[in-house]
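Close look at the chain arrangement
Given next are the chains, with one letter for each unit.
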Amino acid sequence: RPERQQMFREQLADLIELDHEGKLDAFSVEGSYAGAIGLPQFMPGSLAKYAADGDDDGKIDLETSIPDAMASIARFLRLHGWIPGVPVFAPVRLPPDPSGLVHGGLIPDLSWHSLQAAGAQLLPNARSGDAWQDYPMGVIDLPDEPRGLNEYRSATPNFFAITHYNRSYFYAASVTDLAHELADRIGYGDPNRIVDQPNTPVDK
């Protein structure tokens with residue numbers, strides 16, 4: 001498609017510029033079939049904008065340096081709206097059928113007050129504080145087609161920051177759920193954990 005052709009021309013230009021600046025060797029660097037490079041799987045354009053030196057050794061190595069990869073991903077998320085201390089999913093019990101609250105897209109456009117007006121309630125004993133109430137939110141749907149169900153969650157700007165990394169709602173939700181599980185297992189004390197997961201399976 002023409003728009004895809006233009007995108008890859010721009011990525012090729014970014015790769016050539018990175019090579020010219022000595023930040024990588026365009027003749028030897030390896031990536032995915034689509035051009036994603038290194039541990040974070042950054043496209044050349046993202047590498048040029050967001051790559052960071054996480055171990056302070058004076059160079060950025062996204063192929064083998066975990067500190068560099070983690071710092072680069074963190075920089076990407078912060079610059080796409082990640083808010084420290086705010087959970088990815090708000091501790092909210094949505095109304096019985098929240099499908100009308102789903103607007104799609106990658107930008108949250110609801111307020112906590114509008115969700116309350118639609119019947120959403122704060123979950124009791126939530127551990128995530130109330131800072132998220134000051135930020136826009138969105139209701140997302142995760143269809144379970146084989147069972148004919150939809151799972152709905154109340155998402156904060158941090159969820160939508162992850163969708164800039166990968167546009168799939170399923171990807172962002174899976175990353176968050178995996179992070180919760182890992183944090184619990186290592187005793188990290190996950191600041192995004194809520195006591196009662198606000199998932200609402202609803203028949204289609």
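Now for a description of the structure that goes with this document. (Residues numbered from 1 in each chain as written. Predicted model: local features only at pLDDT ≥ 70, side-chain atom pairs only at ≥ 80, totals over all residues. Heavy atoms only, no water.)

As a further point, take the overall build of the protein. Looking only at helices and strands, one finds six helices and five strands in the protein. Counted from the first residue to the last, the protein has its helices and strands arranged as α-α-α-β-α-β-β-β-α-α-β. Relative to its 204 residues, the protein shows a buried fraction of 38%. Relative to all contacts within the protein whose residues are 6 or more apart in sequence, the contacts with residues 24 or more apart total 63%. Taking the average location of the 16 positive side-chain charges in the protein and that of its 29 negative ones, the two points are 4 Å from each other. (Helix = DSSP H or I, 4+ residues; strand = E, 2+ residues; numbered from the N terminus. Buried < 20%, exposed > 50% of the residue type's maximum accessible area, 1.4 Å probe, protein only. Contact = heavy atoms within 4.5 Å. Lys, Arg positive; Asp, Glu negative; His and termini not counted. Charge placed at Lys NZ, Arg CZ, Asp CG, Glu CD.)

Moving on, we come to the pattern of salt bridges. Inspection of every chain in the model, using the stated rule, returns five salt bridges. A salt bridge links Arg-153 to Glu-151, with the shortest nitrogen-to-oxygen separation between them at 2.8 Å. Overall, the relative accessible area of 4% leaves Arg-153 in the buried class. The network of salt bridges with common partners includes Glu-151, Arg-153 and Asp-177. (Salt bridge = Lys/Arg side-chain N within 4 Å of Asp/Glu carboxyl O.)

To describe a pair of aromatic rings, one takes the distance between the centres and the angle between the planes. Applying the stated criterion to the full structure yields eight aromatic pairs. When the ring of Phe-42 is compared with that of Tyr-165, the centres are 6.1 Å apart and the planes differ by 55 degrees; the resulting orientation is tilted. Pair noted here: Phe-42 is in the loop between helix 1 (2-20) and helix 2 (44-50) and Tyr-165 is in the loop between helix 5 (157-163) and helix 6 (169-186), with a separation of 123 residues, a long-range link. Look at Tyr-165 and you get partly exposed, because its relative accessible area is 26%. With centroids separated by 5.4 Å and ring planes inclined at 85 degrees, the aromatic side chains of Phe-159 and Phe-160 adopt a geometry described as edge-to-face. Here the aromatic cluster, defined as three or more aromatic residues joined through ring pairs, consists of Phe-42, Tyr-50, Phe-76 and Tyr-165. (Phe/Tyr/Trp six-rings, centres within 6.5 Å; stacked < 30°, edge-to-face > 60°.)

Considering the arrangement of structural elements, one finds Thr-176 in helix 6. In this view, Thr-176 contacts Val-88, Phe-89 and Ile-162; residues no more than four positions away in its chain are not counted.

The next point concerns the nonpolar core. General note: in soluble globular proteins, nonpolar side chains tend to be found buried as a group. Formed by 23 residues in total, the largest nonpolar core has its most connected members in Leu-47, Phe-89, Ile-140 and Phe-159. Listed by contribution, the elements that provide at least two residues to this core are helix 1, helix 2, helix 3 (66-79), strand 3 (138-144), helix 5 and helix 6. Top element by residues in this core is helix 5. It accounts for four residues. What Leu-47 contacts, discounting residues up to four positions off in sequence, is Leu-18, Leu-24, Ile-37, Phe-42 and Leu-62. Core analysis: the next-biggest nonpolar cluster, separate from the first, contains 14 residues, Leu-101, Trp-112, Leu-115 and Trp-132 among them. (Core = buried A, V, L, I, M, F, W, Y, C linked by side-chain atoms within 4.5 Å.)

Once that is clear, we can look at the pairing of strand 4 (residues 149-155). Counting buried residues in strand 4 gives six out of seven residues, a clear majority hidden from the surface. Relative to strand 4, strand 3 runs antiparallel, the two sharing seven bridges. Each bridged residue has a counterpart across the sheet, and for Ile-140 the counterpart in strand 4 is Arg-153. Joining the antiparallel neighbours strand 3 and strand 4 is a turn of four residues, in which Gly-148 adopts a positive phi near 65 degrees. (Pairing = 2+ DSSP bridges.)

With that out of the way, let us pick up unusual backbone geometry. If you check the backbone angles, Gln-41 has positive phi at about 55 degrees while not being a glycine. In this structure, Gln-41 sits in the loop between helix 1 and helix 2.

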